[in-house]
Protein chains: 2
Amino acid sequence: MAQKSKFPQVVIIGGGFAGLEVAKQLADQPVDVLMLDKHNYHTFQPLLYQVATGSLESESIAFSLRKNFSGQKNFRFRIAEVSGIDLEENIVKTDVGDIAYDYLVIATGSTTNFFGNKEIEQYAMPMKSIPEALNLRYLILQNLEEASLKTTKEEKEPYLTFVLVGAGPTGVELAGALAELRNHILERDYPELGKEHMKVYLVDFLPKVLGPFSDEGSAAAKKFLTGMGVEVLLNVKVESYDGEEIKFEGGKTIKTRNVIWSAGVMGVVPDGISKDVIERGNRISVDSINRIKGSENVFAIGDVAAMISDETPKGHPGVAQVAIQQGMLAGKNIIRLIKGEPTEPFKYNDKGSLATIGRNKAIADLGKIKFQGFFAWLIWMFVHLVSLLGFRNKVIVFINWIGNYLANNGGSRLIIRRFKREELPKKDRQLAKAD
Amino acid sequence: MAQKSKFPQVVIIGGGFAGLEVAKQLADQPVDVLMLDKHNYHTFQPLLYQVATGSLESESIAFSLRKNFSGQKNFRFRIAEVSGIDLEENIVKTDVGDIAYDYLVIATGSTTNFFGNKEIEQYAMPMKSIPEALNLRYLILQNLEEASLKTTKEEKEPYLTFVLVGAGPTGVELAGALAELRNHILERDYPELGKEHMKVYLVDFLPKVLGPFSDEGSAAAKKFLTGMGVEVLLNVKVESYDGEEIKFEGGKTIKTRNVIWSAGVMGVVPDGISKDVIERGNRISVDSINRIKGSENVFAIGDVAAMISDETPKGHPGVAQVAIQQGMLAGKNIIRLIKGEPTEPFKYNDKGSLATIGRNKAIADLGKIKFQGFFAWLIWMFVHLVSLLGFRNKVIVFINWIGNYLANNGGSRLIIRRFKREELPKKDRQLAKAD
């Protein structure tokens, strides 16, 4: 598998925001680049929730990794599942064979954290990948179909009750999209159902929505959500969910077939990394240039890395901006190491945060400049469009957004493959997971 | 489930070209319409091959049935699998309960016919639905990935050899698309592979490609295909395929991991229809207004119907135009029957045939007017665009076609879910079938 070449081989695990930037920086440099990913595409995670609610096609937020780098001569790609890393021998073990590296970049990102609650993990839906977002879409749509077969309010309600656990950007954006589904689409597409049957709850154990945002932005988001009919439950901790009923500490319960879990993430750490360098949130502890502590040639960047320092005692936030900036710097520093030049430490340039709640409603916290509403919504759309990989994806997402805006009908809502929720307990989440 | 209403209930099984037209004709008429389909969308089958080769997203050739009829007050929809029909009791049995009808329209279409060869059915890929087209795409792309891991020509070739059995429009269009993949994309996306490793065979037991077309059109199609590097094997019958090697009568064999079967179709007939009214190709024998022979209130239309007469001794061809025209007439005749007016017999208005082979290459047989090449290709695109359901689908497909034409890169080629071919023999085709 290894390239026969006089150049050092840089292996990048993961084609997310972080991995992409490393590979880009290494173009036209005296290295061979090999990227591994279990999918053959990059996923634009910020728009996954629109795939889940059916307003965007899955393929318009994904982009072929081979195609993206087809002009880069020193780039190779493999679909591969990494089973482990041998840091002594400088080898990555995968389902397509062992791969030797001179420099390794671990950019494996994060996955949903159920905090060890197996029951919740079994019944609640995560949304961190395109297959997961599609499974969620199919579950939502199938439950609308199920509800339309029932006759009484009591029978219908569990299928039409949505509980979103975790009020970060994912939970907030999904709550807004589901509220729009109820307010504008439900009765038009499902004449058997009424708005009054559908409920959307947004739940968090923190006292505010959009935790890391400014108080002003957070308050505005809550106001937008309640205005659209979302019930926001704060300071509330989930105790259990058995697929039928979610229980909260203090005794409150809600009957629901739809629990969506975005309450936490954890790093995806390959086998072979010592437990000694694992920090809170299952992240790999790295030095100031994102090298794994104790290693000379292995980097961890993006969501899977924790750069703990006096300035950042909890590491950096798990957002695209951090991943992109760490990827760019890691690429540059690998070249510097090869050339024997001094490396540069990472310094995060926080450009601010954006979140959207629905039509004409978004929150912008751009440093000291904070605003909410229509203009923030335009900025949100612009920033997401320019960040999407691929000109055609940009055009297609843009057309979909214009179409959704004008027709107010939220996209196509297709169940391409039926999702068998009842198989979940048996199949140990395999079904809901990646493939 | 049955509507409480004073109007007769018309149940339509299937939301394909035929079923759609029936429902449309019944708008604003004194009937209640209930459509059943196992998917919640209409599939535009003529473009399935572009989904299979990754140039179109699956959702841009599908359209939500609920959304399509959301403005039609007397229309209801159910996702349902029909298990049988009780013609005595006027009941359709489904996985969501028994459904009573006053008039029934069977518009269940056709599925791939493997002519009883279980081994071929197990290993060859069909392409009659969106899930099947996606499975085929994933298989093709995964085999390109597999080939890129192999080192010798002998190891690579079975993964890069494509045998299309059946040289009707589906086989011809797929052969053209695969030839373009080889000629323009393969080496760009897969630097490990060379054009010389990839082979596309188009096989038919008839002496010509595009059997029902004019000799002129058929000859032009063959010339286009061979010019693009497709090996066209005519007068050849497949004997067996074990997943590794396809054998033809006479002894010729080809080592291939990709056999795509479009050599025949057969009607999808629900249980409860007497064997006495089943014609060749598993189609239901109907009278001149598409009623099942011997029934007063049950119609069969489109691919599942065989209207045998002196004029049409084999019934009508299984094409969209027949389905659309029979659907329109069935809708009108149901109203006439209800009103006690005389019905009108079906008369097929053949508007001609179109098939495309690739960029600037198509065949048009429009009655006495026959032409091939660039202008036929423009007509092909125009006809397919206007026939697609949904304004947004038209725009998105159009943009994709322009993009593919300008960049000559054939779309996005994503493997959203991995397809486990090795599970095929064990899973009895469940995996490759609908879900």
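Going by the annotation in an unreviewed UniProt entry, the name recorded for chain A is NADH:ubiquinone reductase (non-electrogenic), with Mucilaginibacter corticis given as the source organism. Its UniProt record gives chain A the following Catalytic activity (unreviewed entry) comment, quoted word for word: "a quinone + NADH + H(+) = a quinol + NAD(+)". What UniProt records for chain A under Sequence similarities (unreviewed entry) is the sentence "Belongs to the NADH dehydrogenase family."

1. Remarks on the overall build of chain A
A tally of helices and strands in chain A yields 12 helices and 25 strands. A compact globule built from 435 residues should have a C-alpha radius of gyration of about 22 Å, and chain A, at 22 Å, falls within 12% of that. When the backbone C-alpha atoms are referred to their principal axes, chain A occupies close to 70 × 50 × 40 Å. Long-range contacts, defined here as pairs at least 24 residues apart, represent 64% of the contacts in chain A between residues at least 6 apart. When the accessible surface of chain A is totalled, it reaches about 17,800 Å², and 52% of it is carbon and sulfur. Looking at charge distribution, chain A has the averaged site of its 54 positive side-chain charges lying 4 Å from that of its 52 negative ones.

2. Notes on the relation of the copies chain B and chain A
For the pair chain B and chain A, the relating rotation is 180°, the translation along its axis is 0.0 Å, and the fit reaches an RMSD of 0.0 Å. A rotation of that kind, with that shift, is consistent with a two-fold axis. Residue Ile396 of chain B of chain B places its C-alpha closer to the rotation axis than any other residue of that unit, at 3.2 Å. Of all interface residues in chain B, 100% are interface residues in chain A too; the two copies therefore contact each other through one and the same surface.

3. Notes on the UniProt feature "transmembrane region" (unreviewed entry) in chain A
The UniProt record marks residues 374–391 of chain A with the feature "transmembrane region" (unreviewed entry), using the residue numbering of this structure. Helix makes up 83% of residues 374–391 of chain A and strand 0%, with an end-to-end C-alpha separation of 25 Å.

4. Focus on the packing of helix H5 (residues 130–149) of chain A against helix H7 (residues 169–189) of chain A
Residues and elements named next belong to chain A. One can describe the packing of H5 onto H7 by two numbers: an axis separation of 14 Å at closest approach and a directional angle of 35°. Note on packing geometry: the crossing formed by H5 with H7 is right-handed. Between H5, through Leu136, Ile140 and Leu144, and H7, the contact on the second element is made entirely by Leu174, Leu178, Leu181 and Leu186. Across the contact of H5 with H7, the residue classes break down as 7 nonpolar, no polar and no charged.

5. Comments concerning the domain arrangement of chain A
All names here are of chain A. By domain assignment, chain A separates into domain 1 (9–38 + 80–112 + 265–339) and domain 2 (118–263 + 352–427). Listed as interface residues are 6 residues of domain 1 and, on the opposing side, 5 residues of domain 2. Regarding the contact of domain 1 and domain 2, the summed buried area is about 420 Å², with carbon and sulfur atoms giving 63% of it. It is Leu20, Thr112 and Val265 in domain 1 that bury the most area against domain 2; as a group they hold 70% of the surface buried on that side. Taken together, domain 1 and domain 2 are joined by 0 salt bridges.

6. A look at the sheet that holds strand E5 (residues 75–79) of chain A
Residue and element names in this part refer to chain A. Strand order in the open sheet formed by 5 strands is E5-E2-E1-E9-E21, and the pairing between neighbours is parallel. Every other strand in the sheet has two partners, leaving E5 and strand E21 (298–300) as the edge strands with one partner each. Across the sheet, the mean angle separating the axes of adjacent strands is 15° when strand polarity is ignored. Alignment of strand E2 (residues 32–37) against E5, held across 5 bridges, turns out to be parallel. In the sheet register, Met35 faces E5, and the bridge partner there is Phe77. Running at roughly 165° to E2, helix H1 (residues 17–25) makes contact with strand E1 (9–13), E2, E5 and strand E9 (103–106) of the sheet.

7. Thoughts on the sheet that holds strand E6 (residues 82–86) of chain A
All names here are of chain A. The 3 strands are arranged E6-E7-E8 in an open sheet whose pairing can be described as antiparallel. The sheet terminates laterally at E6 and strand E8 (97–100), the two strands that pair on one side only. When the angles between neighbouring strand axes are averaged without regard to direction, this sheet yields 20°. By the bridge criterion, 4 bridges tie E6 to strand E7 (residues 91–94) in an arrangement that is antiparallel. Residue pairing for E7: Val82 is matched across the bridge by Thr94.

8. Regarding unusual backbone geometry
Trans peptide bonds make up most of the peptide bonds, and negative phi angles are found at most residues other than glycine. Positive phi, close to 60°, is recorded for Asp28 of chain A, a residue that is not glycine. Note on placement: Asp28 of chain A falls in the loop between H1 and E2. The residue Asn290 of chain B is not glycine, and still its phi comes out positive at about 70°. Along the chain, Asn290 of chain B turns up in the loop between strand E20 (283–285) and strand E21 (298–300).

9. Considerations on the packing of aromatic side chains
In this structure the tally under the stated criterion is 16 aromatic pairs over all chains. Here the aromatic rings of Phe374 of chain A and Trp377 of chain A are separated by 6.0 Å at their centres, their planes lie at 35°, and the arrangement is tilted. Placement of the pair is Phe374 of chain A and Trp377 of chain A together in helix H10 (residues 374–387), with a separation of 3 residues, close to one helical turn. Here Phe374 of chain A falls in the partly exposed class, since its relative accessible area comes to 44%. Plain terms: the ring middles of Trp380 of chain B and Trp401 of chain B are 5.5 Å apart, the flat faces sit at 35° to each other, and that makes the pair tilted. Placement of Trp380 of chain B in helix H10 (residues 374–387) and of Trp401 of chain B in helix H11 (residues 391–407) is noted, with a sequence separation of 21 residues between them.

10. Observations regarding the environment of His197 of chain B
All names here are of chain B. As for its placement among the helices and strands, His197 is situated in the loop between helix H7 (169–189) and strand E12 (199–203). Assessed through its relative accessible area of 11%, His197 is described here as buried. Beyond its immediate sequence surroundings of up to four residues, His197 is in contact with Lys153, Lys156, Glu157 and Leu160.

Thresholds, definitions, all that
- Residues numbered from 1 in each chain as written.
- Chains lettered and ligands numbered in written order.
- Predicted model: local features only at pLDDT ≥ 70, side-chain atom pairs only at ≥ 80, totals over all residues.
- Heavy atoms only, no water.
- UniProt positions renumbered as here; feature names shortened; annotations may be inferred.
- Helix = DSSP H or I, 4+ residues; strand = E, 2+ residues; numbered from the N terminus.
- Rg over C-alpha atoms; globule rule 2.2 N^0.38 Å.
- Contact = heavy atoms within 4.5 Å.
- Areas by Shrake-Rupley, 256 points an atom, 1.4 Å probe, with all protein chains shown as cover.
- Lys, Arg positive; Asp, Glu negative; His and termini not counted.
- Charge placed at Lys NZ, Arg CZ, Asp CG, Glu CD.
- Least-squares fit on C-alpha atoms with pLDDT ≥ 70 in both.
- Axes fitted to C-alpha atoms, helices over the stretch in contact; angles between N-to-C directions.
- Left-handed = near helix turned anticlockwise from the far one by under 90°.
- Nonpolar A, V, L, I, M, F, W, Y, C, P; charged D, E, K, R; others polar.
- Domains from an automatic or database assignment.
- Buried area = accessible area lost by both parts, 1.4 Å probe.
- Salt bridge = Lys/Arg side-chain N within 4 Å of Asp/Glu carboxyl O.
- Pairing = 2+ DSSP bridges.
- Phe/Tyr/Trp six-rings, centres within 6.5 Å; stacked < 30°, edge-to-face > 60°.
- Buried < 20%, exposed > 50% of the residue type's maximum accessible area, 1.4 Å probe, protein only.

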